[in-house]
Amino acid sequence: MRYLSTRGQAPDLPFCDILLGGLAPDGGLYLPESYPQVSTDDLARWRSLPYADLAFEILSHFIDDIPAEDLRAICRKTYTAEVYGNTRAGSDATAITPVTWLDAGEGSDHKGGLALLELSNGPTLAFKDMAMQLLGNLFEYVLEQRGEQTNILGATSGDTGSAAEYAMRGKHNVRVFMLSPHGRMSAFQRAQMYSLQDENIFNIAVKGMFDDAQDIVKAVSNDHAFKAKYKIGAVNSINWGRVAAQIVYYFAGYFGATASNDQQVDMAVPSGNFGNICAGHIARMMGLPIRRLICATNENDVLDEFFRTGVYRPRSSAETHVTSSPSMDISKASNFERFVFDLVGRDPAVVRDLWRTLESEGSFDLNQTPYRDALAGFGFVSGSSSHADRLATIRATRAAYGVVVDTHTADGLKVAEAYRDEAVPVLVLETAQAVKFEETIREALGEEPPRPDGFAHLESLPQRCEVMPVDVNAVKAFIQAHVAV
Ligand SMILES: *Cc1c(COP(=O)(O)O)cnc(C)c1O
């Protein structure tokens, strides 16, 4: 399987060559040259597989430059009940991504039912672990094979940084330098990251906002000599390996919620950078019977606007709202270009044109183009949610089903309810556990969210982090001092 750029002006490459990189050299994003098609036989065989083996079956269609037995071993090492054991009481950790019915609906096919697909039972209690843990093991494998090292540099406002650190801790040939905004993450998120004592993990708290931290990462990455000398890498949302790993749980969720492969389901996805739902789109393109992909946003509703109106108008960071579902406070969805490439019939010249328009005019409009009608064939619907909606949904879900959901999952539930009908079940992807966003849960319920075992004393563990001014050179000096070249 070769990977090509959405802008069509970069050489196509095999999986292991794009795994450690970011954007294609022409500024596009990598996608497989075609989507493998699943047959009814495949679905029948895969339905009863354990998660790790399902992951192997699906990923082996996308990865043919790692020997099959090695890839299978990596999947089995990644997806264990131990690593994904932070389930809610009564859920089955061996399922890795258990389905929890809130309302089981009617009959064996759960028509009209409503379920959570639990994706946040990994080490950092957010769905990003699902892909990042695999990435950690793939990185270690590929770097070892090639006798190379990488130093991952990133900026985080919470979930991504901790998922990356827990995936890379203790890994050979990998170091992580993670910038976070000093004093601006929740106590829980801070404790998750800063309590790591592994020698290859470096937390840098920048005295500024998330955007300042992000700008430092961009400045360092744009210094090509520094980047090459210090082998600076990234694990951000556009990494194809992350998207590929996320395809698997759409299949697992489908099997968990249906009794046979002739049924359809709707999937509702709390969305920010469009990485999670992009994996759902690919699963659907492969032939998984997803009726609708329900794209849920918070007050930052660029994606909802696009699916409703056909106009894509990313906002500036000054126009981005700070909300109580902070991991969706994104106004320029970095994976969106992957979907647009498929939407325009995989014509990179059209993608280049649209992004040129975006740069000169700040938006593009698909109305009066053939792509507006084509959009209907991709199964997307959308909606947005507000702080008041989140509070109401957290309360209602607790009252009706006895389940406490986090703020992002609440956005997904709110929008899913608006589209729910009697024809199929709807699965809401649970992207984090409530304990990560305690403040809003207290506001909604007047009580503390449940904490999985093992997290009881997290905030009292010793913490370790480097505090720095907003200064690119200070960060570079710190990396120089900790990397042998
Ligand atoms: C990252 C994240 C999202 C958004 O996912 P995207 O892939 O960026 O669309 C939603 N919820 C939580 C809890 C997250 O951490």
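Residues numbered from 1 in each chain as written. Predicted model: local features only at pLDDT ≥ 70, side-chain atom pairs only at ≥ 80, totals over all residues. Heavy atoms only, no water.

**Observations concerning the overall build of the protein**
Step number 1: The helix and strand tally for the protein stands at 19 helices and 16 strands.
Step number 2: Here the protein has a C-alpha radius of gyration of 21 Å; the compact-globule value for 485 residues is 23 Å, and the two agree.
Step number 3: With the C-alpha coordinates of the protein rotated into their principal frame, the extents come out at 65 × 55 × 50 Å.
Step number 4: Buried positions account for 58% of the 485 residues belonging to the protein.
Step number 5: For the protein, contacts bridging at least 24 residues in sequence account for 74% of all contacts bridging at least 6.
Step number 6: With the model as given, the accessible surface of the protein reaches about 18,400 Å², and the carbon-plus-sulfur share is 49%.
Step number 7: One finds the centroid of the 44 positive side-chain charges in the protein at a distance of 3 Å from the centroid of its 62 negative side-chain charges. (Helix = DSSP H or I, 4+ residues; strand = E, 2+ residues; numbered from the N terminus. Rg over C-alpha atoms; globule rule 2.2 N^0.38 Å. Buried < 20%, exposed > 50% of the residue type's maximum accessible area, 1.4 Å probe, protein only. Contact = heavy atoms within 4.5 Å. Areas by Shrake-Rupley, 256 points an atom, 1.4 Å probe, with all protein chains shown as cover. Lys, Arg positive; Asp, Glu negative; His and termini not counted. Charge placed at Lys NZ, Arg CZ, Asp CG, Glu CD.)

**Describing the site of the ligand**
Step number 1: Taken together, 15 residues form the shell around the ligand, and within it Lys-128, Asp-159, Gly-272, Asn-273 and Asn-276 come nearest.
Step number 2: Note that an oxygen atom of the ligand is positioned 3.0 Å from one of the backbone N or O atoms of Phe-274.
Step number 3: Separating an oxygen atom of the ligand from a backbone N or O atom of Asn-276 is a distance of 2.9 Å.
Step number 4: For the ligand, whose free accessible area comes to 380 Å², the fraction covered by protein is 97%.
Step number 5: For the shell around the ligand, the class distribution of residues is 5 nonpolar, 8 polar and 2 charged. (Near = heavy atom within 4 Å. Polar contact = N/O pair within 3.5 Å; in protein donor to acceptor, adjacent residues only side chain to side chain. Nonpolar A, V, L, I, M, F, W, Y, C, P; charged D, E, K, R; others polar.)

**Observations regarding the nonpolar core**
Step number 1: The biggest cluster of nonpolar side chains holds 112 residues, and the ones touching the most others in it are Trp-240, Tyr-250, Phe-251 and Phe-336.
Step number 2: Here the element with the most residues in this core is helix α10 (residues 240–257); it accounts for 13 residues.
Step number 3: Setting aside its immediate chain neighbours within four residues, Tyr-250 contacts Met-267, Val-269, Asn-276, Ile-277, Ala-279, Gly-280, Ala-283, Leu-288, Ile-290, Leu-293 and Leu-429.
Step number 4: In this structure, Leu-114, Leu-116, Leu-391 and Leu-445 belong to the second largest nonpolar core, which totals 22 residues. (Core = buried A, V, L, I, M, F, W, Y, C linked by side-chain atoms within 4.5 Å.)

**Observations regarding the environment of Cys-465**
Step number 1: Mapped onto the fold, Cys-465 is located in the loop between α18 (438–445) and β16 (466–468).
Step number 2: Overall, Cys-465 belongs to the partly exposed group, its relative accessible area being 31%.
Step number 3: Sequence-wise, Cys-465 and Ser-195 are 270 residues apart; in three dimensions their C-alpha atoms are separated by 8.6 Å.
Step number 4: When neighbours within four sequence positions are excluded, Cys-465 is seen to be in contact with Tyr-194, Asn-203 and Ala-205.

**Quick notes on the UniProt feature "modified residue: N6-(pyridoxal phosphate)lysine" (unreviewed entry) in the protein**
Step number 1: When the UniProt feature table is mapped to this numbering, "modified residue: N6-(pyridoxal phosphate)lysine" (unreviewed entry) covers Lys-128.
Step number 2: Looking at the element boundaries, Lys-128 is found in helix α5 (residues 128–146).
Step number 3: Setting aside its immediate chain neighbours within four residues, Lys-128 contacts Asp-159, Thr-160, Ala-163 and Arg-242. (UniProt positions renumbered as here; feature names shortened; annotations may be inferred.)

**Focus: helix α12 (residues 302–309)**
Step number 1: Counting buried residues along α12, 6 of its 8 residues qualify, which places the element largely inside the surrounding structure.
Step number 2: Here α12 has its buried residues at Val-302, Leu-303, Asp-304, Glu-305, Phe-306 and Phe-307.
Step number 3: Buried-residue contacts for α12 involve β11 (290–297), β12 (311–312), α13 (336–343), β13 (364–365), α15 (370–375) and β14 (380–384).
Step number 4: After α12 finishes, the residue Gly-310 shows a positive phi value of roughly 80°.

**Examining the UniProt feature "domain: Threonine synthase N-terminal" (unreviewed entry) in the protein**
Step number 1: Listed under "domain: Threonine synthase N-terminal" (unreviewed entry) in the UniProt record, and renumbered for this structure, are residues 2–79.
Step number 2: Annotation note: span residues 2–79, helix share 41%, strand share 12%, distance between end C-alpha atoms 26 Å.

**Comments concerning the sheet that holds strand β1 (residues 2–5)**
Step number 1: One open sheet holds the 3 strands; their spatial order is β2-β1-β3, and the pairing between them is antiparallel. Strand pairing shows two members of the sheet lacking a second neighbour, β2 (13–14) and β3 (30–32), which therefore form its edges.
Step number 2: Judged from the 2 bridges that link them, β1 and β2 form a sheet pairing that is antiparallel. By the bridge assignment for β2, Tyr-3 is matched with Leu-13.
Step number 3: Relative to the sheet, α13 contacts β1 and β3, its axis offset from that of β3 by approximately 50°. (Pairing = 2+ DSSP bridges. Axes fitted to C-alpha atoms, helices over the stretch in contact; angles between N-to-C directions.)

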